[in-house]
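Overview (structure and organization)
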Amino acid sequence: DVNCRRYGGWGIYTDEGSTDILIEKNIAYRCNSSPFHQHYGRDNLIVNNIFAFGRDNQIERSRIEGHLSFMFRRNIVYYDQGELLGRRWDRPQAELDHNLYFHAGGKPVRPAGMSLAEWQAMGMDKGSLVADPLFRDPANGDFRLRRGSPAAKVGFEPFDVSDVGPRPRV
């Protein structure tokens, strides 16, 4: 029980040198640790996903390597607790751009402890925004976008979510 609460519980987790993987059109939410975590890997593309309600962090990276770890583009990150970025961001070695971030608890979005403007001045998250994506009912797992969502401004393309989530066993 203690280990489950302290370690693990990621939504999408790349590890063991995962390379050139495309992670697209997923919804990962209500994770004990974080909806996305890359331990180590190279040139993975995380694009057009929804990551929501991570308990500890939303995007996590635990190993700094001498190459580009991943590209995180056109994703929506929606949370009400924890940090936006977890673990190792002192040398990013990742490209984050054109993402939509929102803290539903009303707190400021602070990537790596900085304002978004400070983070962008470092060359990170160019074209990213902080705004409510206008999900229909995120508290109940409905991540369809309402009309007027700012997600289009970062290039996010809505995808069919009709069979997302737990399903009865057949």
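Check the entry above for the structure.
Overview of the structure.

In this section: the sheet that holds strand E12 (residues 83–87). Read across the open sheet, the four strands follow the order E1-E5-E9-E12; overall the sheet is parallel. The open sheet terminates on both sides in strands that have one partner only, identified here as strand E1 (12–14) and E12. If you compare each strand with its neighbour and ignore which way they point, the axes differ by 15° on average. The pairing of strand E9 (residues 57–61) with E12 spans four bridges and is parallel. Looking at the pairing, Ile59 lines up with Leu85 of E12.

For the rest of this paragraph, the subject is the packing of aromatic side chains. Under the defined criterion, the tally for this structure stands at 15 aromatic pairs. Judged by centre distance (5.0 Å) and plane angle (65°), the rings of Tyr29 and Phe143 are edge-to-face. With a gap of 114 residues between them, Tyr29 in strand E4 (residues 27–29) and Phe143 in strand E17 (residues 142–145) connect regions that are remote in the sequence. Taken as a pair, Tyr29 and Phe143 share a single burial class, namely buried. Judged by centre distance (6.5 Å) and plane angle (70°), the rings of Phe70 and Phe72 are edge-to-face. Classification of Phe72 as buried rests on a relative accessible area of 0%. Put simply, the rings of Tyr29, Phe53, Tyr78, Phe102, Phe135 and Phe143 touch in pairs and so form one group of aromatic residues. Just above the ring of Trp89 sits the side chain of Arg61; from NZ or CZ to the centre is 5.4 Å. Over the aromatic face of Tyr40 sits the side chain of Arg63, whose NZ or CZ is 4.2 Å from the ring centroid.

Counted according to the given criterion, the structure contains six salt bridges. Two residues, Asp43 and Arg42, come together in a salt bridge whose shortest N-O distance is 3.8 Å. In this structure, the salt-bridge partner of Arg73 is Asp97, at a minimum N-O distance of 3.3 Å. In this pair, Arg73 sits in strand E10 (residues 70–73) while Asp97 sits in strand E13 (residues 95–97), placing the two residues 24 residues apart along the sequence. Note on Asp97: relative accessible area 18%, which makes it buried. Salt bridges sharing partners connect three or more residues here, namely Arg73, Glu95 and Asp97.

Here we come to the pairing of E17. As paired elements, strand E16 (residues 135–137) and E17 share two bridges and run antiparallel to each other. Residue pairing in the sheet places Phe135 in a bridge with Leu145 of E17. Linking E16 back to E17 in an antiparallel pair, the connection comprises four residues, with Gly141 at a positive phi of about 80°.

Parameters and conventions
Residues numbered from 1 in each chain as written. Predicted model: local features only at pLDDT ≥ 70, side-chain atom pairs only at ≥ 80, totals over all residues. Heavy atoms only, no water. Pairing = 2+ DSSP bridges. Helix = DSSP H or I, 4+ residues; strand = E, 2+ residues; numbered from the N terminus. Axes fitted to C-alpha atoms, helices over the stretch in contact; angles between N-to-C directions. Phe/Tyr/Trp six-rings, centres within 6.5 Å; stacked < 30°, edge-to-face > 60°. Buried < 20%, exposed > 50% of the residue type's maximum accessible area, 1.4 Å probe, protein only. Lys NZ or Arg CZ within 6 Å of the ring centre and 35° of its normal. Salt bridge = Lys/Arg side-chain N within 4 Å of Asp/Glu carboxyl O.

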